[in-house]
Amino acid sequence: MRKRILWTLLLSVTVSGIAGAKEASAYMPILMYHQINDERTPNWIAVSSERFREQLSALKEAGFETINEQQLIDFLQGKGTLPLHPVLITIDDGYLDNYENAFPILKELGMKASIYVITNSRGKKPGDFQHFSWAQAEEMVGSGLISIQSHTHDAHYQIPGTNDTHLTARLTIDGKQESYQEYLDRFAAEFRQSKQLIEEHTGSQVVSLSYPYGFFNQDTEDVLKDAGYAMSLTVDKGLYEIGKEPWLLPRITADGRWTGERLVKEIERLYNSLAKAKHRTIITLNGQRTILYDMSHEVNGKMFVPLRTAAGLAGYDMKWNSKSQRVTLSRNEQIVTRSLTPGAEDSIAKDDWFVKQGVTYIWIRTFADLIGASIKIEKDRDRNATWVNLVQKGA
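Structure report, in brief. (Residues numbered from 1 in each chain as written. Predicted model: local features only at pLDDT ≥ 70, side-chain atom pairs only at ≥ 80, totals over all residues. Heavy atoms only, no water.)

## With respect to the sheet that holds strand β17 (residues 297-299)
Reasoning step 1: If you trace the four strands from one edge of the open sheet to the other, you get β17-β18-β23-β22, paired in antiparallel fashion. Pairing within the sheet leaves two strands with one partner each, and these edge strands are β17 and β22 (353-356). The mean inter-strand angle of the sheet, taken between neighbouring strand axes irrespective of direction, is 35°.
Reasoning step 2: Bridging between strand β18 (residues 302-306) and strand β23 (residues 359-363) involves three bridges; their strand directions are antiparallel. Looking across to β23, one finds that V305 is bridged to I362. (Pairing = 2+ DSSP bridges. Helix = DSSP H or I, 4+ residues; strand = E, 2+ residues; numbered from the N terminus. Axes fitted to C-alpha atoms, helices over the stretch in contact; angles between N-to-C directions.)

## A look at unusual backbone geometry
Reasoning step 1: Its identity is not glycine, yet N300 carries a phi of approximately 50°, on the positive side.
Reasoning step 2: Mapped onto the secondary structure, N300 falls in the loop between β17 and β18.
Reasoning step 3: Classification of N300 by relative accessible area gives exposed; the value is 78%.
Reasoning step 4: Of note in this structure, Q325 is not a glycine but carries a positive phi near 60°.
Reasoning step 5: Locating Q325 in the fold gives a position in the loop between β19 (317-321) and β20 (326-331). (Buried < 20%, exposed > 50% of the residue type's maximum accessible area, 1.4 Å probe, protein only.)

## A look at helix α6 (residues 180-202)
Reasoning step 1: Spanning 23 residues, α6 covers 34 Å between terminal C-alpha atoms, matching the ideal 33 Å at 1.5 Å per step.
Reasoning step 2: When we look at burial in α6, the residues that qualify are Y180, Y183, L184, F187, A188, E190, F191, S194, K195, L197, I198 and T202.
Reasoning step 3: Next to the buried residues of α6 lie β7 (113-117), α5 (134-142), β8 (146-150), β11 (208-210), α7 (218-226) and β19.
Reasoning step 4: Immediately beyond the C-terminal end of α6, within one or two residues, lies G203, with a positive phi of roughly 80°. (Expected span 1.5 Å × (residues − 1). Contact = heavy atoms within 4.5 Å.)

## A look at the pattern of salt bridges
Reasoning step 1: This structure, assessed with the given rule, holds 16 salt bridges.
Reasoning step 2: The salt bridge involving R251 is made with D92; its shortest N-O contact spans 3.0 Å. Taken together, the residues R251 in strand β14 (residues 249-253) and D92 in strand β6 (residues 86-93) connect sequence positions 159 residues apart. Assigned by exposure class, R251 and D92 land together as buried.
Reasoning step 3: Between E241 and K244 there is a salt bridge; the shortest N-O distance is 3.4 Å. (Salt bridge = Lys/Arg side-chain N within 4 Å of Asp/Glu carboxyl O.)

## A closer look at the layout of surface pockets
Reasoning step 1: In this structure, the second largest pocket spans a volume of roughly 630 Å³.
Reasoning step 2: What lines the second largest pocket is a set of 28 residues, and nearest its centre among them are D93, Y95, I118, H156 and Y213.
Reasoning step 3: When residues of the lining of the second largest pocket are traced back to their parent elements, those giving at least two are β6 and β14.
Reasoning step 4: When its residues are assigned to classes, the lining of the second largest pocket shows eleven nonpolar, ten polar and seven charged. (1 Å grid on protein atoms, 1.4 Å probe; cavity = no way out; pocket = protein on both sides within 12 Å on 5 of 7 lines; lining within 4 Å. Points joined across faces, edges and corners; volume = space filled by probe spheres on them. Nonpolar A, V, L, I, M, F, W, Y, C, P; charged D, E, K, R; others polar.)

## Overview of helix α3 (residues 69-76)
Reasoning step 1: For α3, the complete set of buried residues consists of E69, L72, I73, F75 and L76. Down the axis of α3, the smallest arc covering the buried residues is 160°, so these residues share one side.
Reasoning step 2: Two or three places before Q70, at the start of α3, stands the capping residue N68, its side-chain oxygen 3.2 Å from that residue's backbone nitrogen.
Reasoning step 3: The positive-phi residue at the C-terminal boundary of α3 is G78, with phi of around 75°. (Arc of directions from axis to C-beta. Polar contact = N/O pair within 3.5 Å; in protein donor to acceptor, adjacent residues only side chain to side chain.)

## Some remarks on the packing of α6 against α7
Reasoning step 1: At their nearest, the axes of α6 and α7 sit 9 Å apart, and the two run at 50° to each other. Taken together, the axis directions place α6 and α7 in an arrangement best described as oblique. The hand of the α6/α7 crossing is right-handed. In this structure, α6 contributes Y180, Y183, L184, F187, A188, F191 and R192 to the contact, and α7 contributes D219, T220, V223, L224 and D226.
Reasoning step 2: Residues belonging to the contact of α6 with α7 are distributed by class as follows: eight nonpolar, one polar and three charged. (Parallel < 35°, antiparallel > 145°, perpendicular 65-115°, else oblique. Left-handed = near helix turned anticlockwise from the far one by under 90°.)

Limitation: the analysis is restricted to geometry and does not speak to function.
Spelled out as structure tokens, the structure:
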């Protein structure tokens, strides 16, 4: 029932390229900042106080209203509403200038923001820049405008010469590589410790984590959910489509060289490009309809959909074990497990799945076989849509 209510809400919104329009936005920008620093040359990571105020004022004048993560979660769970044109402002790392420069401006303008902190760095200077203290974090949360969320406890490190971080790779300590289970246990402790410390020191409920450097994998997502989080953020550029599950959400880097007008135009450009390029995949499963926007891929005449999304629509919980290369779908007492290792006895054919940007995609017909469903596919090229009807045996 919750999904049905959610999708009814989603279908009622319309795309608006201009935030000042009266129709509700179908998309929400999530802005990403790091430093509000008056001493550094403005760049993608450093924004001056004057420019920060200008950008926020431009958002406000354009009709955007700031929200926090809990408001979004409440909306998705049918417990609250969102403004017509919501925007989520996020600031990563937790530098002292967030407290000294950003916080006063946010109070002046009456706008909300969420600061994603590395909890082990509170009140310390681990590199060139000081981080704010727990007392300062508590003061900001007490204003009602600031939410403190997780950027891990102490895992903000990239492994030199690789595309991995301490969250996405097994570490070698004293010449010995940690086991797969040790790897899972290590970052599970990271997620839980960060959440616990923030909630103990500030009273801010932690529901979200932003991945250091934007690096993640299926293991990090699975463990994050088990640790009690409800959403995650990447550094991928884009807009969040209101109504979708709040995992691996894209953000827009608010460049310190951009005027407020330029920032609003960048948001509008993304709105317009999504509106023009949108492809709809309308999936009807056992009589219940869901629409996926720009989430399917056609390869050699075969339509692929995100496995986790498809599983969720069918009411299945998905688990991925990167060590054994096995995926498991479970619903009540029904369990379906398959290998993604080529040549394994119960493996999914290598041409029937692929991974793109950390997301596993599966051929829709293979998915139908996994859940024991008949399938019918019709394409409507005039409307840029694909209709998929799935009916499970006994439904």
